[in-house]
Structure formats: structure tokens, C-alpha cells
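Structural features, examined
Chain by chain, the residues:
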Amino acid sequence: MTIQQCKYILKIAECGSLNEAAKQLFVAQSSLSVSVKLLEKELNIKIFERSGNGVHLTNEGSEFIRYARQITEQNDFILSRYTEKNRFDRLYVSTQHYDFVADIFGKLLNKTKAEYYRFALREMKTYDVIHETEIAYCDIGIIAIKGNDNSVMERYLSKIGLSFIPILKASPHVYLRKEHPLAKQTVIISDDLKSYTYVSYEQGEHNSTFFTEEITNAYSDKQVEISDRASLMNVLLATDCYTIGTGIMPSLLNEGRIVSIPFKSEDFYIIGYILRTDRNISGITREFIEMLNVAVRDFQ
């Protein structure tokens, strides 16, 4: 199997047609068809079903293209990173769903003087943040570890070659819209939340309590899972749902529509960044870390 074959498969799946894919790839349709058949034979699977309307992915094919996409993305990343490394400043950040990280990332973009750069900010599930840092796809990962899980998570990270550098200890806060019936309270207890719907970030197959972003269990039998920060905020703005987080919300992003109220609990977060222990830190990554530390001092 080659990278080129993976790219062929992805293009055919995108076009739904061998003929159109061949045109876009500037290769003969016969060569493309032979390449697909050789790959199917090598892997002992059938990737496409052919019909009068074009080609369609089989169940095996749908599974394969997920891996093929990861392979081609990693290949493109490596080529870009090492063939252009002297030309570009680059910073790839993977993070849990924190608007303060996006705020710092934006400030770094505004102050950079580099003529050429490659920056990326990727919000994702906890496991994926850790995994992207482990395989060096990103330069730095941002996560929060729940206080009770700290020793377990640090052992896990150390085992896979990562170090966790704490920057802030934060107590839990309830997020809800400013018109919410609880919005005027100075502190919220668990009994206050029982009649409202709890919203959390879904973690997919890696849904162990070690990977959940929320600090504590829901205090309601009504629960909703959301995959991204924008959707979560929209749900909070449109309903009387709530979520639990660090309480750190830059006003520039929040605009006062969501309020953060202390939650009475002995739990706490340790927010920090993760790095590969065997990798040198670039100058732009150091600058981002310094901005993180400055922002933390402001939060405190």
C-alpha cells in the first residue's frame, strides 16, 4: 500500500466517480482502476461497489478511508513540516474546549511579525489532544486534569512520553445564560441543578472519567452531549441548560451572554499544557506558553 493509493481512494470517494476522479488527479482512468484493484487485493477487502451511477463505498471501504485520511494528513504534515521548516514559523495547538486558549491564540496571531507562518488551533476530545501531542502532530496540548485524577493522569502521560506542566488551579463554576432562573445566585449547590438539563462534551469511545472535561458528575437525570464549543454555547443561550467548567471566560468572546457562577464543591481543576519529553520547544511555542502564563496571572 502506498500514500498515492490512499490519495486515489479518497479522491474517488469524494467524486463518486472513477472518471471524474481520474480527471482531477490527471491520471488515466484505467490506471486508477488498476491501482484500486491492486489495493483491494492486497488488503483482501472490497472498497467500492460499482454501478451505473458511479461508485459507492462499501462498509469496509468506509472504514478504510478513515485510516487513509489519517495517513495522508500525517504524510502532508511531515512533508510540510520538514521541507518548509526554515521558511515558516509554525505552531500547532490541540486543546480541550477552552475559549481562553482561542483568545490567547488570536492575540499571538495579532502580534506575530513573521512574513510566513503556519498556525493551527484544533479543539477536540481529551484523548485526541493527548494523542496528537504524543505523535508530535501538534506542538503543544492544553488540557485540564481533575484534582482527584491528577496522579493517575500524570502516570499515564509519562508512560507515553509526555510531560504535564500545570499553570492554574481552578474551582468549578456553573455556566448558564444570563436570563437563567439561577443566574442571580452568588453560589450554586447540587440541589439547585436537579430540575435543569446538564450539557457536556461527548468523548466518543474514550469516555472514561479520566477523559471527561467536566469536573463532576451531572446533578440531573436530563443530560445532553455536544461535540463542539459553539454548539454548546448556542444550546446554553437558547435554553435553561447548564454545564460545569473552569469559570474562565474572556469577555471578548463571551460578550456577557453566558454567566459563570461558583459551584459549591471540593473538586478542582488543574489546567496545564502537555509536551513531548524528547522534543525541543520552538521559539513560537515558547512565546505561546509565556502568553498562557501571563493570562493565568490575569485570571488569578
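Rules behind the numbers
- Residues numbered from 1 in each chain as written.
- Predicted model: local features only at pLDDT ≥ 70, side-chain atom pairs only at ≥ 80, totals over all residues.
- Heavy atoms only, no water.
- Phe/Tyr/Trp six-rings, centres within 6.5 Å; stacked < 30°, edge-to-face > 60°.
- Helix = DSSP H or I, 4+ residues; strand = E, 2+ residues; numbered from the N terminus.
- Buried < 20%, exposed > 50% of the residue type's maximum accessible area, 1.4 Å probe, protein only.
- Lys NZ or Arg CZ within 6 Å of the ring centre and 35° of its normal.
- Pairing = 2+ DSSP bridges.
- Axes fitted to C-alpha atoms, helices over the stretch in contact; angles between N-to-C directions.
- Parallel < 35°, antiparallel > 145°, perpendicular 65-115°, else oblique.
- Left-handed = near helix turned anticlockwise from the far one by under 90°.
- Contact = heavy atoms within 4.5 Å.
- Nonpolar A, V, L, I, M, F, W, Y, C, P; charged D, E, K, R; others polar.

**Let's talk about the packing of aromatic side chains**
Overall, the coordinates contain five aromatic pairs when judged by the stated rule. Aromatic pair Tyr92 and Tyr137: ring centres 6.0 Å apart, planes at 80°, arrangement edge-to-face. Here Tyr92 is found in strand 3 (residues 89-95), whereas its partner Tyr137 is found in the loop between helix 6 (126-134) and strand 5 (140-146), with 45 residues between them in sequence. What makes Tyr92 buried here is its relative accessible area of 12%. By way of ring pairs, the aromatic residues Phe105, Tyr117 and Phe119 are connected into one cluster. The side chain of Lys169 reaches across the aromatic face of Phe268, ending 4.3 Å from its centre.

**Notes on the sheet that holds strand 10 (residues 243-245)**
If you trace the three strands from one edge of the open sheet to the other, you get 10-7-11, paired in antiparallel fashion. Two strands lie at the open edges of the sheet, namely strand 10 and strand 11 (258-262), each paired on one side alone. Taken pair by pair, the neighbouring strands of this sheet meet at an average axis angle of 35°, ignoring direction. Judged from the three bridges that link them, strand 7 (residues 173-177) and strand 10 form a sheet pairing that is antiparallel. Note that in strand 10 the partner of Tyr175 across the bridge is Thr243.

**A few points about the environment of Glu266**
By the secondary structure assignment, Glu266 is in the loop between strand 11 and strand 12 (269-276). A residue is classified by how much of its surface remains accessible, and Glu266, at 77% relative accessible area, is exposed. Remark: the alpha-carbon pair of Glu266 and Ser171, spanning 95 residues in sequence, is separated by 8.2 Å.

**What to know about the packing of helix 1 (residues 3-15) against helix 3 (residues 29-43)**
It is at 10 Å that the axes of helix 1 and helix 3 come closest, and there the two elements cross at 110°. What the angle tells us is that helix 1 and helix 3 run roughly perpendicular. For the pair helix 1 and helix 3, the sense of crossing is left-handed. Mapping the contact onto sequence places Gln5, Tyr8, Ile9 and Ile12 in helix 1 and Leu32, Ser35, Val36, Leu38 and Leu39 in helix 3. Tallied by class, the residues present in the contact of helix 1 with helix 3 amount to seven nonpolar, two polar and no charged.

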